[in-house]
Amino acid sequence: MRDHVLPDWWTDELADVAANRALAEGYIAKQLGFRLRELRDAGTDLTFPAMADVRFKRYKNQVDDRVKVSALLAQRVARVVAGHLKSRIPEFLPAGAGEIRKNVLQKSKAVDLGSLLGECWRRGIIVLHLAEAPKRAKRFDGMACFVEGRPVIVLASNRDSPPWLAFHLAHELGHIMLGHVGPEQPYLVDDKLDNATGSNAQEREADRFACEVLTGFESKRIGNLKQNGPRLATTAAMSGPREGIDPGVFALIYAKSNDRWGVAQKALSFLSLDRGGRAQVNQVLSAKLDLEDLSESDERLLSVLALTPT
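Since we're looking at a predicted model, the values are computed, not measured. (Residues numbered from 1 in each chain as written. Predicted model: local features only at pLDDT ≥ 70, side-chain atom pairs only at ≥ 80, totals over all residues. Heavy atoms only, no water.)

**Q** What's the story with the nonpolar core in this structure? I'm lost.
**A** Proteins that are soluble and globular tend to have nonpolar side chains buried together. Counting 77 residues, the largest nonpolar core has V77, V81, L128 and L130 as the members making the most contacts within it. Considering each element in turn, this core owes the most residues, nine residues, to helix α7 (residues 162-177). Once residues within four sequence positions are removed from consideration, L130 is found in contact with S70, A74, V77, R139, F140, V154, L155, A156, V304 and L305. (Core = buried A, V, L, I, M, F, W, Y, C linked by side-chain atoms within 4.5 Å. Buried < 20%, exposed > 50% of the residue type's maximum accessible area, 1.4 Å probe, protein only. Helix = DSSP H or I, 4+ residues; strand = E, 2+ residues; numbered from the N terminus. Contact = heavy atoms within 4.5 Å.)

**Q** Quick question: what am I supposed to make of the pairing of strand β2 (residues 126-129) here?
**A** Burial of β2 is two-sided: the residues I126 and L128 facing one way and the residues V127 and H129 facing the other way are all buried. In this structure, β2 lies alongside strand β4 (residues 150-155), joined through four bridges in parallel fashion. By the bridge assignment for β4, H129 is matched with L155. (Pairing = 2+ DSSP bridges.)

**Q** So what exactly am I meant to see when it comes to the packing of helix α6 (residues 113-122) against α7 here?
**A** Packed helix pairs are characterised by how far apart their axes lie and by the angle those axes make with each other. The contact between α6 and α7 brings their axes to 9 Å, and the two run at 30°. In terms of their interaxial angle, α6 and α7 are classed as roughly parallel. In terms of crossing hand, the pair formed by α6 and α7 is left-handed. Mapping the contact onto sequence places L113, L116, L117 and C120 in α6 and P162, L165, A166, L169, A170 and L173 in α7. (Axes fitted to C-alpha atoms, helices over the stretch in contact; angles between N-to-C directions. Parallel < 35°, antiparallel > 145°, perpendicular 65-115°, else oblique. Left-handed = near helix turned anticlockwise from the far one by under 90°.)

**Q** Would you take a moment to explain the pairing of β4 for this structure?
**A** The side chains of a regular strand alternate, first on one face of the sheet and then on the other. Of all six residues making up β4, six are buried, and the element is well covered by its neighbours. Neither face of β4 is open: one carries R150, V152 and V154, the other P151, I153 and L155, and all of them are buried. With six bridges joining them, strand β3 (residues 142-147) and β4 adopt antiparallel strand pairing. Residue pairing in the sheet places A144 in a bridge with I153 of β4. Linkage of β3 to β4, two consecutive antiparallel strands, is achieved through a turn of two residues, within which E148 is found at a positive phi near 50°.

The values are spatial; any link to function lies outside them.
Structure representation (C-alpha cells):
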C-alpha cells in the first residue's frame, strides 16, 4: 500500500528523520483515515479506521480482517473516482434484470462484460476494478456501495476472465437494483463469489438476478457431461449466441451445472476469454475520469486501478 499512499520519492530510510516521518504520517492519516495521534505514538495500537455501514458476507460467522483492509482501500478509491468524473453521469435509473437484459440485447448479440459495463454507466452506476491490493490484505470479489448518493461497483477479484467479471458485475448490480444497498445502507462487500450457493437470502437473490441478466433465466443449466475443453469452446461459440448468451458465460454455466470447472477454464482459454477483463473495466473508467486536477496524493491512490491512458 505504501506505493499508492506515500510520495514516489519516499524510502523507508527517510523515516529516521522526524520531519519526514511526520509528513508520511500525515499522508497515511489523510488517505486511509488512521488517527494521526496513534500513528505518531509507537506505543499505541492502531485503531482500524471506521468503515461506516459496511456489511461483509460472512463465512462461519467471521470476517477476515485482511478483507477489511482491501475494503478500506476500495472505499477511499471509490470516493476519489466519484469526485473526479469529467462530467455528470446520468441520474441513477433502477431496473429489473429482465429490463436490463432487454436493453443490452438491443445493442449487442449477448450480455457480456463490455455491454454490461455500458449499461451500468448509462444507468448512472460507476464501475471500477482494483488492479492492486495491499500485500498482506485479502482481496474480495465485489463491493456494491453508494458514495454521496451515487451507486458504485468495485470489483477486486484476482480473476481476469471477462466472463467471470461479467458475473461478478451482474451480481453486484443485483445488490444495487434489489435494494440490498442504498444511500442509507451504503456498503456491501462480497468476499468470495464462486460456484457455491449464496449463504443467505440476499446472496441467492443477487445470484438469480445475475443469472437472469446474463442468460434470460433465474436459473440456467447446461447438461452433457462428455464435453472437454475444445469441444465445450466450440459448443459455447455456436450455441451461446443463439440464446443471447456470451460463449464464456455459457462455458461457466456448463461448469456450474456439471461441476467441471477445469474443462470450462480450458474452454475459456480456447475462446481467448481467460484474460483482459480488468483492463476492460478500467479502460471504460479512464475515458470518464478527469485526471488533470487530481492532487498528487489522490493520483497515487488511483494508481491501484492501473488506468488505461485515453
